[in-house]
Amino acid sequence: MGQKIGSMETPMFPAGNLTLDPNPLPPALGNCLVCGQGNPHGLRLRFHRLIAPDGTAIGVGADSTVPAYFQGFDDLLHGGVICAMLDDAMWWAVYVAHKAITVTADMQLRYREPVSTGSALRIEGIVGAGRRIYPAAARMLDASGRVVAEATARFVALPAAKAERLRF
């Protein structure tokens, strides 16, 4: 059973190794700092469907090696960048599962270990059930599969008129 965010149950990652579908999801947010393929200064993450050991798609994930210009302290990835990566993974998980354009309502984040720039990372996001408010969870893993940061959040669907105005 997942933890509660307000009155909502957050999703839990299943045990076992999760894999990424070989085909990336279509890039959609051109200048997004995290996933925008058109942003020369961004992270340019490409999200894929996240596949559970039983073969079902359960969320999204991306592999990344973050360059040194995103550091905080020498050779350590800035905590705000970690937060942004986890937030984006959860947003994509909500969008893929529910086709909803959302914004982050609130987020809780736990940094477990310092993360070096230039290290191989995996970012994973999953979402629970919802209609207008969606609970989500994300984690960042190092190359050995150890969780170095994790987050939970609630995402709120934008009204249709606002969602249509976004460049997506």
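Calculation notes
- Residues numbered from 1 in each chain as written.
- Predicted model: local features only at pLDDT ≥ 70, side-chain atom pairs only at ≥ 80, totals over all residues.
- Heavy atoms only, no water.
- Pairing = 2+ DSSP bridges.
- Helix = DSSP H or I, 4+ residues; strand = E, 2+ residues; numbered from the N terminus.
- Axes fitted to C-alpha atoms, helices over the stretch in contact; angles between N-to-C directions.
- Contact = heavy atoms within 4.5 Å.
- Salt bridge = Lys/Arg side-chain N within 4 Å of Asp/Glu carboxyl O.
- Buried < 20%, exposed > 50% of the residue type's maximum accessible area, 1.4 Å probe, protein only.
- Expected span 1.5 Å × (residues − 1).
- Polar contact = N/O pair within 3.5 Å; in protein donor to acceptor, adjacent residues only side chain to side chain.
- Phe/Tyr/Trp six-rings, centres within 6.5 Å; stacked < 30°, edge-to-face > 60°.
- Lys NZ or Arg CZ within 6 Å of the ring centre and 35° of its normal.

## Details of the sheet that holds strand 6 (residues 102–111)
No. 1: Taken together, the seven strands give an open sheet; going across it, the order is 3-4-5-7-8-9-6, and neighbouring strands pair in antiparallel fashion. Edge positions in the open sheet fall to strand 3 (19–24) and strand 6, since each of these has one partner strand only. On average, adjacent strands in this sheet sit at an angle of 30° to one another, irrespective of strand direction.
No. 2: Two elements, strand 4 (residues 48–51) and strand 5 (residues 57–65), share four bridges in a ladder whose sense is antiparallel. Its bridge partner being in strand 5, R49 is matched across the sheet by V60.
No. 3: Those strands touched by helix 1 (residues 79–98) are strand 4, strand 5, strand 6, strand 7 (120–127), strand 8 (133–142) and strand 9 (147–157), and its axis lies near 130° from that of strand 6.

## A few points about the pattern of salt bridges
A side chain with one charge may pair with a side chain of the opposite charge, provided their charged atoms come close.
No. 1: Throughout the structure, instances matching the rule amount to five salt bridges.
No. 2: The residue R122 makes a salt bridge to D63 at a minimum N-O spacing of 2.8 Å. Taken together, the residues R122 in strand 7 and D63 in strand 5 connect sequence positions 59 residues apart.
No. 3: E150 is paired through a salt bridge with R112; the nearest N and O atoms lie 2.6 Å apart. Linking E150 in strand 9 with R112 in the loop between strand 6 and strand 7, this pair joins segments that are 38 residues apart in sequence.
No. 4: Residue classification places R112 among the partly exposed residues on the basis of a relative accessible area of 39%.

## Section: the pairing of strand 4
No. 1: In this structure, strand 3 lies alongside strand 4, joined through three bridges in antiparallel fashion. Bridged to T19 within strand 4 is I51.

## Here's the deal with helix 1
No. 1: The terminal C-alpha atoms of helix 1, which comprises 20 residues, lie 29 Å apart, in line with the 28 Å expected from a rise of 1.5 Å per residue.
No. 2: Residue K99 follows helix 1 closely and has a positive phi angle near 55°.

## Considerations on the side chain of D142
No. 1: Mapped onto the elements, D142 comes out in strand 8.
No. 2: A relative accessible area of 17% places D142 in the buried class.
No. 3: Polar contacts involving the side chain of D142 include one to the side chain of R146, which spans 2.8 Å.
No. 4: In contact with D142, not counting residues within four places along its chain, are A120, L121 and V148.

## Section: the side chain of S64
No. 1: Within the fold, S64 resides in strand 5.
No. 2: Once you skip the residues sitting within four places of it in the chain, S64 turns out to touch L45, M85, S119, A120, L121 and I123.

## Describing the packing of aromatic side chains
No. 1: A complete count under the given rule lists five aromatic pairs for this structure.
No. 2: Pairing W91 with Y95 gives two aromatic rings, centres 5.4 Å apart and planes at 5°, and the pair type is stacked. Of this pair, W91 and Y95 both sit in helix 1, four residues apart, roughly one helical turn. Neither W91 nor Y95 differs from the other in exposure class; each is buried.
No. 3: Three or more aromatic residues joined by ring pairs make a cluster, and in this case those are F47, W91, W92 and Y95.
No. 4: When the ring centre of Y95 is taken as reference, the NZ or CZ atom of K99 above it lies at 5.6 Å.

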